[in-house]
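# Working through the structure, step by step
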Amino acid sequence: MRFYVFSPRFHIRPKNTDWLYNGYLPRVREFVDDFEVYLQQAWIPSLITNARSAAAIARGRLNLTLPAFMLPQTEDRFSLADLRRSRADVVFGHSPTNVHHLPLICHTGPIYEQPLKDRGVSQAEIDREKAVKLRTILRSELVTLNSEAGAETLRALHPASADRIRSIPFFLPHLQTIPAITLQEKWYKPEKIKLLFVGREANRKGLPAVLEAFRAADASYPGLLELQIVTNFADGAIPIPVMPNVRLIGELSRDEVGALMRQSHIVLMPSRFETYGWVYLEAMAAGAIAVACDAPAQQEILADGRAGMLVQPTAEAVTSALLQLLERPEEMRALAARGWQRVSDVYLPGIVAKRMKELGFEAEELFRRKQGR
């Protein structure tokens, strides 16, 4: 089984913004046999995609109004010569308008209409996005999203295609759970409870609420808590209290953040809005309790609160949640263990790679039926 994935040969945006563009997918071969991913090599589609990405960045920063054809989309025309060179069985990711001889699995995002409106997205833009998604649903054998909550938004958009809309977690080859014995050692009568905040956009990710919660918890449990903050304040500065048990760290690499998570007991990121949140999975894999925003995708990741703590993004709610955790040490240990187990059962890269391969064979079968073979 070989997937063709449209991924520009060069990127003007950070590579971690989209799993289809970050180079992760070719590593599926490390986790499942007889499965490969070919990233497109044609230059012209890469130039077009990056021009659109540049336009989207300019629109956001300069508050410009741009025509739809200048914005990023998932239904570009592909280089058929490059597609032939790939010897692919299935196209995954985009839903090209000029590919009719291969099965298509369009990987897309949800439509959370009210949060989009709250962020200032116009109804016209939302309707345009709905129209694009509807076209790709009708054109593709399967449509995938990274959460069941997101998949439900598209099933509502086109109920007749509900059985062809699936959820599949992000394929994260770096995601690895700590050994069970390490999990036990971390939580065996810790002298300090180590808290961690991670997020470039510290305001949106909820750092002000975390700081308020930490002050309250530190007053109730003097000498017990430590807080480390990893951020570059991308969306504005926040005053950090001068306290001996608070440490501000600048931006770190993923591996460095992972090392901090393995030392931490609670990772707090109560974002005002979060489409997904790899940080939660990474925290749970490291044996830390994830404190996440109480929103559909995060409810799914944390199994409705059985594998982590769901909170509203307010100082009062985060404070209440943190104090509730600290009051019950045994429940903290159990909650961390349930989060670790959920990642082990659902989100590890080997599990996701196997699921992707299965979807490829299913798309081939649906395509054969459509062609009357």
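The notes below deal with the structure included here. (Residues numbered from 1 in each chain as written. Predicted model: local features only at pLDDT ≥ 70, side-chain atom pairs only at ≥ 80, totals over all residues. Heavy atoms only, no water.)

## A look at the side chain of Ser344
One can find Ser344 in helix H12 (residues 329-347). Given the relative accessible area of 18%, Ser344 is considered buried. Among the polar contacts listed, one links the side chain of Ser344 to the backbone oxygen of Trp340, at a separation of 2.9 Å. Not counting chain neighbours up to four residues away, the residues in contact with Ser344 comprise Thr177 and Ile351. (Helix = DSSP H or I, 4+ residues; strand = E, 2+ residues; numbered from the N terminus. Buried < 20%, exposed > 50% of the residue type's maximum accessible area, 1.4 Å probe, protein only. Polar contact = N/O pair within 3.5 Å; in protein donor to acceptor, adjacent residues only side chain to side chain. Contact = heavy atoms within 4.5 Å.)

## A short note on the pattern of salt bridges
A complete count under the given rule lists 19 salt bridges for this structure. Linking Arg155 and Glu152 is a salt bridge whose minimum nitrogen-to-oxygen distance equals 2.7 Å. Of this pair, Arg155 and Glu152 both sit in helix H5 (residues 148-157), separated by three residues, roughly a single helical turn. A relative accessible area of 14% means that Arg155 is categorised as buried. Two residues, Arg204 and Glu201, come together in a salt bridge whose shortest N-O distance is 2.7 Å. On the basis of relative accessibility, which here comes to 31%, the residue Glu201 falls in the partly exposed class. Salt bridges here are not isolated pairs; linked through shared partners, they connect Glu201, Arg204, Lys205 and Glu274. (Salt bridge = Lys/Arg side-chain N within 4 Å of Asp/Glu carboxyl O.)

## A closer look at the environment of Asn203
Counting through the fold element by element, Asn203 comes out in the loop between strand E7 (193-198) and helix H7 (207-220). For the pair formed by Asn203 and Ser271, sequence separation is 68 residues and the distance between their alpha carbons is 8.2 Å. Apart from residues no more than four positions distant in its own chain, Asn203 is found in contact with Pro208, Asp235, Gly236, Ala237, Ile238 and Arg272. A distance of 3.1 Å separates the side chain of Asn203 from the backbone oxygen of Gly236, its partner in a polar contact.

## Examining helix H4 (residues 123-139)
Think of an α-helix as 3.6 residues a turn; residues three or four steps apart then line up on the same face. Helix length check: H4, at 17 residues, gives a terminal C-alpha distance of 24 Å against a target of 24 Å (1.5 Å per residue), a fit within 8%. Looking at H4, one finds that the buried residues are Ile126, Val132, Lys133, Thr136 and Ile137. Buried residues of H4 fall within an arc of 135° about the axis and therefore sit on the same side. Of the residues in H4, the exposed ones pointing more than 90 degrees away from the buried face are Ala124 and Leu138. (Expected span 1.5 Å × (residues − 1). Arc of directions from axis to C-beta.)

## Focus on the layout of surface pockets
Looking at the second largest pocket, its volume works out to about 180 Å³. Looking at side-chain class alone, the lining of the second largest pocket contains nine nonpolar, three polar and three charged residues. (1 Å grid on protein atoms, 1.4 Å probe; cavity = no way out; pocket = protein on both sides within 12 Å on 5 of 7 lines; lining within 4 Å. Points joined across faces, edges and corners; volume = space filled by probe spheres on them. Nonpolar A, V, L, I, M, F, W, Y, C, P; charged D, E, K, R; others polar.)

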